[in-house]
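A structural walkthrough
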Amino acid sequence: MKNHLLIVVALTAGLLSCRSEKPASSTPPNIVILITDDQGYGDLGCHGNPVLETPNLDQLHAESVRFTDFHVGTTCAPSRASLMTGQYCNKVGAWHTIKGREMVWPDEVLLPELLKNVGYTTGMFGKWHLGDTYPYRPQDRGFDEVLVHGGGGVGQTPDYWNNDYFDDTYFHNGVPEKKQGYCTDVWFEAALSFMEENKDKPFFSYISTNAPHGPFYVDTLYSKKYEGNENVVNANFFGMIANIDENLGKLRTKLTEWGIADNTILIFLTDNGTAAGCQLDQEGQVRKGYNAGMRGKKGSEYEGGHRVPLFIHWKDGKVEGGRDIDRLAGVFDLVPTLMDWVGMEHKEGLDWDGTSLRPLVEGKEQAERILFADTQREEDLVKYKRFSVMTEEWRLVNDKLYAIKKDPGQIEDVAETHPAVVDSLQAAYEIWWKKVSARAKDYCYFQFGKEVGELYTLTEHDLLNDGKRVAWNQGHIRAGKGTQGYWPVQVESAGTYRFGLRRWPVESGLKILEGAPEGDEIPQGTAYKVGEALSFKAANISIAGQEAEAPIDPDSAVVHFTLELSPGQYQLSANFIDNADQASSCYYVYAERLD
């Protein structure tokens, strides 16, 4: 799991507004963003990987404008929050990957909403990881067409039960729908169908693969060539990237066949450093595999944790030619850049922290900047935790200073010989922290009760519990791992509410007190072990000053509680009680307003 953040502080005025020049094309361009999960800067053939073959990504690299000093968060959801909002992750509520701290404040305006306002049809396919319940789902945040798995990966707690990358059930516009094939193939096929249907009008297609995030499942057709290679840390990880590469080739072929490739902005990036492309020693330096000369990988405040590829290709906009731009840039720059290219002026109330990259792409000068990254992985923000302050010449990593141009591997700490630089960057951090932590004590409340009969699902993935571990994946649930805690909820309307408490999700068909059978066979073996049966005698619930308890029927899959609630924000606690009178939060709660 993860959590990290990336931020930009402008050193001169005027960087926070989108430029009001005319769009770069008279016809609104289509927009395709492809973001992969846990693929690092070095996990590409075009970036010097001596083993991994990525011919289609290499071709895109050869034709694109490439930002070579581009930074994201050090893990999944923070990067996606910045990509969607144009803001620092901490600032918009998404500084973790679980515990509800992976969701963006509901009052923020996201990229698909902005694009819909200027005439775009929007679709997203794959990994959302910014909330699984209203009002945080992609269909609540501006996407017209949605096909996604739940949580931060296939097989996590909010995902459909027993999903294992092959022939899974995904959420199509909020409704579970069985699909055939490998997950990455499914995302690309759905995206291509969406683009073909909308090829005669401007569209935004957001393809966010869960691959090559673990668990590392893929058809051996893609991984076999990397097995047994002493320089390969994980053959399946490389196989998953090879499959993504193949799908990118198919996508570009289709765009050309439809006659829309030239006026399509195609963006490729990844969400953090590599997860399995290399092994590191205790100092964070590579001892096996390849990491493009960087220190650290996914989750690290060092360069290898947050410096990633960014390729942008748009022939009609003259964004092409295989050019490198070595200026410092961040993932939150993409919202103002795209708004600049489609001709939308910065609107009052949009507090972007990024700045348009259009001037740099057009060969113009741009003011120097300071960027920040940190790794939180905490329920609440922690100041000074595992941070990096970045300029084009320096990296202040915690209390160590590196001259990044001379020392890209971040080996020699020069803090003692450059105290003025350290002082300056520490002062910049203080300014940044004050801004991004202003809402640190707020919550993303799970809202329910707006419509009668609509079912709302809460899972332990998003449980708050004072920093303890939660059951964020289905393996934890099968093993009976759990804790106690609560969900922050907002009741929208007064009425009678029914809450259903479950050990297993409703689609499993399992009773509370029974175990779960093992999962299906996949190329890498059995996806899930047998789930343990647990002994519970009762269930209880607490919300809005009301408490209730009921015995558990051995033949029941759910314990229901019916309560009268008024509108307001509350803490919801729902537990199972074992024979030793120990309470633990139930893994799934289903809530609905009855009248």
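Look up a bit, the structure's there.
None of these values were measured; they are calculated from a predicted model. (Residues numbered from 1 in each chain as written. Predicted model: local features only at pLDDT ≥ 70, side-chain atom pairs only at ≥ 80, totals over all residues. Heavy atoms only, no water.)

Another point: the overall build of the protein. From N to C terminus, the protein includes 11 helices and 30 strands. For 595 residues, the compact-globule formula gives about 25 Å, and the C-alpha radius of gyration of the protein, at 24 Å, lands near that figure. Along the first, second and third principal axes, the C-alpha atoms of the protein reach 70 × 50 × 50 Å. Burial statistics for the protein: of 595 residues in total, 62% are counted as buried. In the protein, 72% of the contacts between residues at least 6 apart in sequence involve partners at least 24 apart. (Helix = DSSP H or I, 4+ residues; strand = E, 2+ residues; numbered from the N terminus. Rg over C-alpha atoms; globule rule 2.2 N^0.38 Å. Buried < 20%, exposed > 50% of the residue type's maximum accessible area, 1.4 Å probe, protein only. Contact = heavy atoms within 4.5 Å.)

For the rest of this paragraph, the subject is unusual backbone geometry. The peptide bond linking Y134 to P135 adopts the cis configuration, its omega dihedral lying at 5°. Among the secondary structure elements, P135 is positioned in the loop between β4 (121-126) and β5 (145-148). P215 follows G214 through a cis peptide bond whose omega is 0°. For P215, the location among the structural elements is in the loop between β8 (203-208) and α5 (220-223). Not every positive phi belongs to a glycine, and N398 is a case in point at roughly 60°.

Burial of helix α8 (residues 334-341) is extensive: 8 of the 8 residues sit out of reach of the surface. Within α8, the full set of buried residues consists of L334, V335, P336, T337, L338, M339, D340 and W341.

This paragraph deals with the layout of surface pockets. What the largest pocket holds in volume is close to 620 Å³. In terms of residue count, the dominant contributor to the lining of the largest pocket is strand β20 (residues 456-459) (4 residues). Within the lining of the largest pocket, the residues separate by chemical class into 16 nonpolar, 9 polar and 6 charged. Considering only enclosed or pocket space, the second largest pocket measures out at about 530 Å³ in volume. If you go around the second largest pocket, you meet 34 residues; those closest to its centre are G155, G214, P215, W472 and N473. For the lining of the second largest pocket, the per-class residue count stands at 12 nonpolar, 15 polar and 7 charged. (1 Å grid on protein atoms, 1.4 Å probe; cavity = no way out; pocket = protein on both sides within 12 Å on 5 of 7 lines; lining within 4 Å. Points joined across faces, edges and corners; volume = space filled by probe spheres on them. Nonpolar A, V, L, I, M, F, W, Y, C, P; charged D, E, K, R; others polar.)

Here helix α10 (residues 419-436) contains 18 residues, and its C-alpha end-to-end distance of 26 Å stays within 8% of the 26 Å for a straight helix at 1.5 Å per residue. Burial in α10 covers these residues: V422, L425, A428, Y429, W432, W433 and V436. Take α10 and look down its axis: the buried residues cluster within an arc of 140°, on one side only. Those residues of α10 that are exposed and angled more than 90 degrees off the buried face are A420, D423, I431 and K434. (Expected span 1.5 Å × (residues − 1). Arc of directions from axis to C-beta.)

Another point: the nonpolar core. Proteins that are soluble and globular tend to have nonpolar side chains buried together. I33, F67, F70, Y206, L269, M339 and F499 are the most contacted members of the largest nonpolar core, which totals 115 residues. Among the elements that make up this core, the one with the highest residue count is α10 (7 residues). If sequence neighbours within four positions are ignored, I33 has contacts with L83, L111, F204, S205, Y206, I207, I267, L269 and L338. Among the nonpolar cores identified, the runner-up in size contains 41 residues, and A242, F268, F311 and Y528 belong to it. (Core = buried A, V, L, I, M, F, W, Y, C linked by side-chain atoms within 4.5 Å.)

Moving on, we come to the pairing of strand β3 (residues 65-71). The element β3 is largely enclosed, with a buried count of 7 among its 7 residues. Pairing of β3 with strand β14 (residues 323-330), which is carried by 6 bridges, proceeds in the parallel orientation. The partner of H71 across the bridge, within β14, is G330. Judged from the 2 bridges that link them, β3 and strand β12 (residues 307-308) form a sheet pairing that is antiparallel. Bridged to H71 within β12 is R307. (Pairing = 2+ DSSP bridges.)

Per the counting criterion, the structure on display carries 1 cavity of 30 Å³ or more. In this model, the largest cavity occupies a volume close to 40 Å³. What lines the largest cavity is simply K99, G100, R101, M103, Y443, C444, F446, D462, L464 and P488.

When strand β21 (residues 487-491) meets strand β28 (residues 568-578), the two strands line up antiparallel, connected through 5 bridges. Paired with W487 across the two strands is L572, which belongs to β28. Two strands pair when backbone bridges link them, and strand β25 (residues 536-543) and β28 are joined in this way by 6 bridges, in the antiparallel orientation. Along β28, the bridge assignment pairs S542 with S573. Relative to strand β29 (residues 583-585), β28 runs antiparallel, the two sharing 3 bridges. By the bridge assignment, N575 is partnered in β29 with S585. The turn linking β28 back onto β29 is made up of 4 residues, and D581 within it adopts a positive phi angle of 65°.

Attention now goes to the pattern of salt bridges. Summed over the entire model, instances satisfying the criterion amount to 33 salt bridges. The shortest N-O distance in the salt bridge between R358 and E362 comes to 2.8 Å. Taking the relative accessible area as the measure of exposure, R358 reaches 5% and is therefore buried. Exposure remark for E362: the relative accessible area of 36% places this residue in the partly exposed category. Via salt bridges that share partners, K91, D351, D353 and K435 belong to a single interconnected network. (Salt bridge = Lys/Arg side-chain N within 4 Å of Asp/Glu carboxyl O.)

We now examine the packing of aromatic side chains. Geometrically, a pair of aromatic rings is defined through the distance of the ring centres and the angle of the planes. According to the stated counting rule, one finds 34 aromatic pairs in the structure shown. Their ring planes at 35° and their centres at 6.2 Å tell us that F237 and F238 sit as a pair that is tilted. Residues F237 and F238 agree in their burial class; the two are buried. Residues Y429 and W433 carry aromatic rings whose centres are separated by 6.1 Å and whose planes lie at 15° to one another, so their mutual orientation is stacked. Placement of the pair is Y429 and W433 together in helix α10, with a separation of 4 residues, close to one helical turn. You can call Y429 buried: its relative accessible area is 2%. Aromatic ring contacts, followed pair by pair, group F372, Y384, F387, Y429, W432 and W433 into a single cluster. (Phe/Tyr/Trp six-rings, centres within 6.5 Å; stacked < 30°, edge-to-face > 60°.)

Turning next to the environment of W95. Secondary-structure assignment places W95 in the loop between α2 (76-85) and α3 (111-117). Separated by 3.3 Å, the side chain of W95 and the backbone oxygen of E378 make a polar contact. One polar contact links the side chain of W95 to the main-chain carbonyl oxygen of E379, over a distance of 3.5 Å. (Polar contact = N/O pair within 3.5 Å; in protein donor to acceptor, adjacent residues only side chain to side chain.)

All we've got here are geometric facts, nothing functional implied.
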